[in-house]
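Observations on the model geometry
Residues per chain are reported as follows:
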Amino acid sequence: MASAFPPGPIDLHAHSSASDGTETPIALVRAAADAGLGTLAITDHDSTAGWEAASDEALRQGIALIPGMELSTRKGYASVHMLAYLFDPNNAGLVAETARIRSARLTRAEEMVTAIGADYDLSWADVLEQTQDGATVGRPHIADALVAKGHSLTRSDAFAGILHWQAGYYQPHYAPDPLTGVELIVAAGGVPVIAHPATRGRAGVVSEDELARLVDAGLFGLEVDHRENTPDGKERLRELAAKFDLAITGSSDYHGAGKPNRLAENSTHPEVLERLVDRATGWKPVVPVLSD
Ligand code: AMP
Ligand code: FE
Ligand code: FE
Ligand code: ZN
């Protein structure tokens, strides 16, 4: 069947240098092919800038690509990451909202660097040196600058120290409510899945009432199999998925050299991928034609 997805693991969460991954979209897709993946989703933070290059490279490498994004949303002080798949990247509502988030992230990063710069030798130019043109700027880029200047050993070390939210330099940035996020994604023909919902333990960041509202708005699934979900949290998420008839996904959240997460360390069942693709109306997966 020409439209069948290639064999191999399905990894639905990975970042490129269009946000805070360390590899270009092309290098990311090559790494996925080298890791033996059948299907990769590119899910940069608040950006679709990597879609085109990644799609072209997927065809060259003979793997399937699901264009996606990890949309920043926020509930109170807690950031809630919303994976979005196969939406229309030109949808006006989503384009406007992601532009607003990226702009807020930029201002926030500049303010954080000014504050850090009062105590450490660090300038905004140092951060720009670590950032691809047009990329969604985040703490990882500040971390890379701190490493380059010798203030931290690694990205993770910077996050555990200077960039930690309790270290005195942390600032939040604008992000929409999770419900608004789901509504925007669905309105753009996309399929929303909450990313790593139980990183803070069993209770997670979203209450059952909130989850019910997200489900009514069109939430498709929960990213259960992710290294940052706690064991108790995963158990609770499986119960919630059964209760609300939500799909379960698994993925790596690969950031290249920026995080220890390896491609395909978690994966998604082919039936879930099929249902996800069937649900989407905004964009088509890139599937190589396999000759048999
Ligand atoms: P921000 O959204 O700018 O506050 O930065 C959060 C991003 O930093 C997340 O998307 C993660 O990819 C990344 N991140 C969080 N913790 C770590 C860590 N310990 N090591 C490397 N990257 C991290
Ligand atoms: Fe990230
Ligand atoms: Fe995330
Ligand atoms: Zn991510």
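Before reading further, recall that the structure is shown in the block above.
To keep things clear, this report deals only with the structure shown in the data block. Predicted model, so just to flag it, every value in this text is computed and none were measured. (Residues numbered from 1 in each chain as written. Chains lettered and ligands numbered in written order. Predicted model: local features only at pLDDT ≥ 70, side-chain atom pairs only at ≥ 80, totals over all residues. Heavy atoms only, no water.)

1. A look at helix α7 (residues 178-187)
Within α7, burial applies to Pro178, Gly181, Val182, Leu184 and Ile185. Around the axis of α7, the buried residues are gathered within 165° of arc, so they sit on the same side. Downstream of α7 by a residue or two, glycine 189 has a phi angle that is positive, lying close to 80°. (Buried < 20%, exposed > 50% of the residue type's maximum accessible area, 1.4 Å probe, protein only. Helix = DSSP H or I, 4+ residues; strand = E, 2+ residues; numbered from the N terminus. Arc of directions from axis to C-beta.)

2. Here we look at the packing of aromatic side chains
Counted under the stated rule, the structure contains three aromatic pairs. Here tryptophan 51 and phenylalanine 87 contribute two aromatic rings whose centre-to-centre distance is 4.9 Å and whose plane-to-plane angle is 55°, an arrangement assigned as tilted. Taken together, the residues span a long stretch of sequence, with tryptophan 51 in helix α2 (residues 51-61) and phenylalanine 87 in the loop between β4 (78-85) and α3 (92-117) at a distance of 36 residues. Overall, phenylalanine 87 belongs to the buried group, its relative accessible area being 1%. On the basis of an interplanar angle of 70° and a centroid distance of 6.4 Å, the ring pair of tyrosine 120 and tyrosine 169 is categorised as edge-to-face. Separated by 49 residues along the polypeptide, tyrosine 120 in the loop between α3 and α4 (124-128) and tyrosine 169 in the loop between α6 (155-160) and α7 bring together distant segments of the chain. Cluster of aromatic residues (ring-pair linked, three or more members): Trp51, Phe87 and Trp283. (Phe/Tyr/Trp six-rings, centres within 6.5 Å; stacked < 30°, edge-to-face > 60°.)

3. Quick look at the coordination of the iron ion (ligand 3)
In this structure, Glu70 (OE), His81 (ND1) and His196 (NE2) serve as the protein donors to the iron ion (ligand 3), at separations of 2.0 to 2.2 Å. Written as a sequence motif, the donor arrangement for the iron ion (ligand 3) is E-x10-H-x114-H. For the pair the iron ion (ligand 3) and the iron ion (ligand 2), the metal-to-metal distance amounts to 5.5 Å. In this pair, histidine 81 is assigned in strand β4 and histidine 196 in the loop between β5 (191-194) and α8 (208-216), connecting sequence segments 115 residues apart. What makes histidine 81 buried here is its relative accessible area of 17%. (Donors = N, O, S within 2.8 Å, 3.2 Å for Na, K, Ca; no water.)

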